[in-house]
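# Report on the structure
Listed below, chain by chain, are the residues.
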Amino acid sequence: MVDGVGALPISFSSFLSLVGLSFPSNDGWLFVFGPEAVALPISSSTPAPQPAPQPVLLTDVGAIHSLLTTGLSTALAQRSLVQNAPAGALRDLNDRLFRAHTHLASQTANGVTSTLESGAADRTLANFIAFNANQGIDSRVALGLRDAGEVEVANTLNQGQQALWFGSPVALLGGPLASAAQPFASATPVAPAPPAAASSGKDPVADGKIVFEPVKRWQIITAFDYGYYDQDNLSQVSKAFDTDSYAATVGVEYLLTDWLAVGAAWSRLESNTELTGNLGGIDLEGSLLSGYLTAFAGNTWADVLYAYGNYDNEISRNTLLGSRALGDTESYSHNLAVNLGHNFALGRQIVTGPQGGLDYATGGINGYTEHGGGSANLLYPDDNFESMTGRLGWSVSHLSDAGFLGRMTAQFRAGWAHEFMPEADLVSASLVQSPFLLIQGNRAARLGGFGASRDGAHPGQDWLELGAGLRFDLDCGANLKLDYQGQFARDGASAHFGSVKLGYEF
């Protein structure tokens, strides 16, 4: 036994067979493992058969420990980073889900019902606006009271066309005006201009008329999103870490019809993950390209989004040997989200209803080789991931007057999420330089190599999601939204997301 170094009596040939090597048998040696290991002969009354120098096998235990402790943990943290980082930017791109949850609120709060009082599906205002659009007619139209029970829709640009009639008694200002449910922008009723308007240069509106503003079909947005993800120490391999993600987004949306909107956005994403205990860190930077469709059928809505991200990763790992191993690589992600919901109007200012969705993510991290870590440098192979999360929840939205800030929509959401594809795939790494050194006489050679693979532990597969937001719609067409959503009651992990968005509709 050598001071501070463990000793193990073992056949040299047996040991070499364990590491996949063969060597002539020599059972009279004691192998000592450690950073300064030596080989000592065992005392025996029988002299050694040959006086020639005997081989010594040295093992770099520190490099092996570095791989098993921080090497595999870094691989797990990097996989989680690439998988979760896009979530903040894509969670509610362009407010599409916030508005889908509340698309009745802006109508009911202004005394606008979702269908004609008569219930005739072919007599909706939406159909009339669509007809005008197909005929190239200005969508500013006038409704006038006629014959004490019917409303004539007058075509102000083509008086020669056949007039369209809407049956049923419909009141004017202060009553339930006939309209069709439209997703984000309906024809807005405007009160008749007062007589003084004529002197200001505006065209006065005849008594008994209501003017409908054109539908605003375009929206441009800019947004800033922040996300925080924290994972506890789940196993000896999966060490604790936390992630901060930042995303800046610009996007555009177009209302193709009264029931279908299409949008696209570009996001710049930066994210940083730190393993606890100064064990390492990963910086991710890249771009996301996204597109989506949101459709309505009555009060039911559906939404589909796809996004592709491409990132540069920079890795710094504590080798636990007084150095840091550095690496850089590229990664990518594909994200597909499908959402479905239904809305119910409670009175004139509250909309509530259920929603559900599936989020699918897949992607990968290119393999890379570390540098700067000396004998502890690691080689990482390509790593892929896959995830599918299901969500069921309920939302409540309330619309009110916010004075100079226009209309204010307050929303609260709650739901339960389940991960159908937990991260259980192997993570792997191997030492660039073999930790086994064979010394014989004045010659030394490295033998074999060392690699390790372990199952990655994953946080709880079920968790609670809570969210709340405020949206202000100003009369000038601008809108501002503040929103928060968090993950709670998830075993081993939690997450928080916040966003600020500014949009303009025209």
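Scroll up for the structure.
The following refers to the structure shown.

Below, the discussion takes up a nonpolar patch on the surface. A grouping of Trp218, Ile220, Val252, Tyr504 and Phe506 is seen on the molecular surface, where their side chains present a nonpolar patch of about 450 Å² in accessible area. Along the polypeptide, phenylalanine 506 turns up in the segment after β28 (493-505).

Let us look at the sheet that holds strand β23 (residues 436-440). In space, the three strands of this open sheet follow the order β4-β23-β24, with antiparallel pairing throughout. Looking at strand neighbours, the two that pair on one side only are β4 (56-59) and β24 (443-446), the edges of this open sheet. The sheet shows a mean angle of 25 degrees between the axes of neighbouring strands, direction not considered.

Further remarks concern the pairing of strand β22 (residues 426-431). On β22, burial follows the alternation: Val427, Ala429 and Leu431 on one face are buried, whereas Leu426, Ser428 and Ser430 on the facing-out side are not. In this sheet, β22 lies alongside strand β19 (residues 378-380) in antiparallel orientation, the contact comprising two bridges. From the neighbouring strand, leucine 378 faces β22, where its bridge partner is leucine 431. Pairing of β22 with strand β25 (residues 451-455) involves five bridges; the strand directions are antiparallel. Each bridged residue has a counterpart across the sheet, and for alanine 429 the counterpart in β25 is alanine 452.

Okay, the packing of aromatic side chains next. Both the distance between ring centres and the angle between the ring planes are used here to describe each pair of aromatic rings. Applying the stated criterion across every chain, the model contains six aromatic pairs. Centre to centre, the rings of tryptophan 218 and phenylalanine 506 are 6.4 Å apart; their planes meet at 10 degrees, and the pair counts as stacked. Residue tryptophan 218 is found in strand β10 (residues 218-231), and its partner phenylalanine 506 is found in the segment after β28; the two are separated by 288 residues along the sequence. The class for phenylalanine 506 is partly exposed, based on a relative accessible area of 45%. With 5.9 Å between their ring centres and 20 degrees between their planes, tyrosine 504 and phenylalanine 506 make a pair best called stacked. An aromatic cluster is present here, built from Trp218, Tyr254, Tyr504 and Phe506 joined pairwise through their rings. Over the ring of tyrosine 292 we find arginine 96, and its NZ or CZ is 5.8 Å from the ring centre. Stacked on the ring of tryptophan 463, the Lys or Arg arginine 490 has its end atom at 3.9 Å from the ring centre.

So, how was this worked out
Residues numbered from 1 in each chain as written. Predicted model: local features only at pLDDT ≥ 70, side-chain atom pairs only at ≥ 80, totals over all residues. Heavy atoms only, no water. Patch = residues over 30% accessible without salt bridge, like charges linked within 9 Å, V, L, I, M, F, W, Y side chains within 5 Å. Areas by Shrake-Rupley, 256 points an atom, 1.4 Å probe, with all protein chains shown as cover. Salt bridge = Lys/Arg side-chain N within 4 Å of Asp/Glu carboxyl O. Helix = DSSP H or I, 4+ residues; strand = E, 2+ residues; numbered from the N terminus. Pairing = 2+ DSSP bridges. Axes fitted to C-alpha atoms, helices over the stretch in contact; angles between N-to-C directions. Buried < 20%, exposed > 50% of the residue type's maximum accessible area, 1.4 Å probe, protein only. Phe/Tyr/Trp six-rings, centres within 6.5 Å; stacked < 30°, edge-to-face > 60°. Lys NZ or Arg CZ within 6 Å of the ring centre and 35° of its normal.

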